[in-house]
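# Descriptive structure summary
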Amino acid sequence: MTTASKPASGMNRARVGVQRFGTFLSGMIMPNIAAFIAWGFITMLFIAVGWLGWWTPVSPLLGGFGNADIISWPGAMTQIALDENGDPFNRFVGLVGPMITYLLPLLIANTGGRMVYGERGGVVATIATMGVIVGTNIPMFLGAMIMGPFAALVTKWMDKIWDGKIRPGFEMLVNNFSAGILGMLLAILGFFVFGPAILWVSDVLGLAVGFLVTAGLLPLVSIIVEPAKVLFLNNAINHGVFTPLGIEQATETGKSILFLIEANPGPGLGLLLGFTFFGIGAAKASAPGAIIIQFFGGIHEIYFPYALSKPMTILALIAGGATGVTTNMLLNGGLAFPAAPGSIIAVTAAASSPAAGGFANLMVVYLSVLLAAVVTFLITAVILRASRKRDLLAEADTFGAAISQTEANKGKSSAAMDALRASDGKDRTALRDAEEAVDKLETEAETAGLADGGVLTTKTVRNIVFACDAGMGSSAMGASVLRNKIKKAGIEDVTVVNKAIANLDASADLVITQNQLTDRARQQTPGAVHISVDNFMNSPKYDEVVDLVRAQHEDGA
């Protein structure tokens, strides 16, 4: 932990750059996941083959398949359609089609525009993307993700041209007319240029996915996906790549296998089960709790530190992921809409949709989750068992080294040090119980004996921020844990919130991130105190933060 930014190595800078780009892509989708879920449920319930497709006149109206000449509902939008004999009739538009054609892409475009240039950028991005939408005949998710930020960036450049040059009293006139005219021009550009180009790109990507499926090569995608997930690119992969392509595929076939490539909870479950039975120390102790959070809560980030602590287990994740993809590919399994978060509950809802195949499809998806978990568990078990003795010795060496370094920094030994050393290598239970003390000792060693806890700061802490890639999953869990600890300690006037790293600002006094994301967080808020943790669920550093805040309050009193 440090209060200042450290220079990042070339490898770290590259990793941070990839993470930043991935976060930007997923940042356009993640805030709008609720809208995707709403569309998914409306589709699942009210289309002609939906669970409530029989419910007349509600389903024909909402599902967009009712005949307006037979069902009277004055004022509802209709369109000309052809019946099975080729005769035209007035059909209700419903909710399903307009939501996927207009609502979802426009929400994505607006979010992307806001990320680049605030509300003004979001408005122009929405106008411009409308041109892309009506210029094509497929859902324009990729178009929205490109045109939205592009339109906002052009707006930002335009405003710089006459920044400070507008005469007083004409600001509103210039700002509104310039944004309106620019939006009009970009919408026209979107219709005639962006739309056809994105349509071509979508066709190429669709053909590539089709080729991988036909050639039986889609499971090889796991070689890229699983390591990238562990490096916290999971949201970028799932929502930045697979969700747009999957939505287009689901519109045509009722489901998509792409929704399950990253979101399948099986590999994470298998990895955590492996650490539960064959791990050591804190990893073994915390894995059962992590299973509940990962499998039922859908927060996959919870298992990333376990894989990073033993990089060889990434091979197990790759094998498990490929097994799940293969199962779905061979048995035609898929989801009707994105499972976000990647919980077995969300997967069940998306897999059981009648449009996706109902119960039969659900059983295929469950089988893919089960087989992915079993394969990952077996390989993880072999890896952990093979290195168990070496890991125990390494843990003991690290433990002893921390004690020795602490004594060197202090210039003396102590009964506490001797007691910890006595447990080293002899009493594994005592060693596990002492891990929190070791964390404090390591910090003391790093600070040359100036601090006996994991946090060293002179800055008054009033606003604590947990930050993760999306700001919605693992960081929310960590914030909840620390918030409860601070409340139990009777500390007031300290806020604990969770945010996406991209949304961090100068208001944060102390920022807590997982190790792989700390470099990015430091770049966002170099003036804040930064704490790195291995696991948001039960880091001993939370108690150190509570002690720090309590001490500051007592000093202030």
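Quick note: structure is the one above.
Residues numbered from 1 in each chain as written. Predicted model: local features only at pLDDT ≥ 70, side-chain atom pairs only at ≥ 80, totals over all residues. Heavy atoms only, no water.

### Here we look at helix α6 (residues 171-214)
- At G190, α6 shows its strongest bend, of approximately 50 degrees.
- S178, A179, L182, G183, L186, A187, G190, F194, G195, I198, S202 and V209 are the residues of α6 that are buried.
- G216 sits one or two residues past α6 and shows a positive phi near 70 degrees. (Bend = angle between axes of the 7 residues up to and from the residue. Helix = DSSP H or I, 4+ residues; strand = E, 2+ residues; numbered from the N terminus. Buried < 20%, exposed > 50% of the residue type's maximum accessible area, 1.4 Å probe, protein only.)

### Quick word on the pattern of salt bridges
- For the structure shown, the criterion picks out six salt bridges.
- The residue R120 makes a salt bridge to D159 at a minimum N-O spacing of 2.8 Å. On the criterion of sequence distance, the pair formed by R120 in helix α4 (residues 96-134) and D159 in helix α5 (residues 141-161) is long-range, its members being 39 residues apart.
- Relative accessible area serves as the criterion here: at 12%, D159 is assigned to the buried category. (Salt bridge = Lys/Arg side-chain N within 4 Å of Asp/Glu carboxyl O.)

### Regarding the nonpolar core
- Counting 46 residues, the largest nonpolar core has I464, F466, L482, I486, L510, I512 and F536 as the members making the most contacts within it.
- Sequence-distant contacts of F536, defined by excluding residues within four places in its chain, comprise F466, A467, C468, S474, S475, M477, G478, I512, T513, Q514 and Y542.
- Counting 38 residues, the second largest nonpolar core, distinct from the first, contains I47, L260, L335 and L362. (Core = buried A, V, L, I, M, F, W, Y, C linked by side-chain atoms within 4.5 Å. Contact = heavy atoms within 4.5 Å.)

### Considering the side chain of S532
- By secondary structure assignment, the location of S532 is in strand β6 (residues 529-533).
- Judged by relative accessible area, S532 falls into the buried class, the value being 16%.
- In this structure the side chain of S532 is engaged in a polar contact, spanning 2.7 Å, whose partner is the side chain of T518.
- If sequence neighbours within four positions are ignored, S532 has contacts with T513, N515, T518 and K541. (Polar contact = N/O pair within 3.5 Å; in protein donor to acceptor, adjacent residues only side chain to side chain.)

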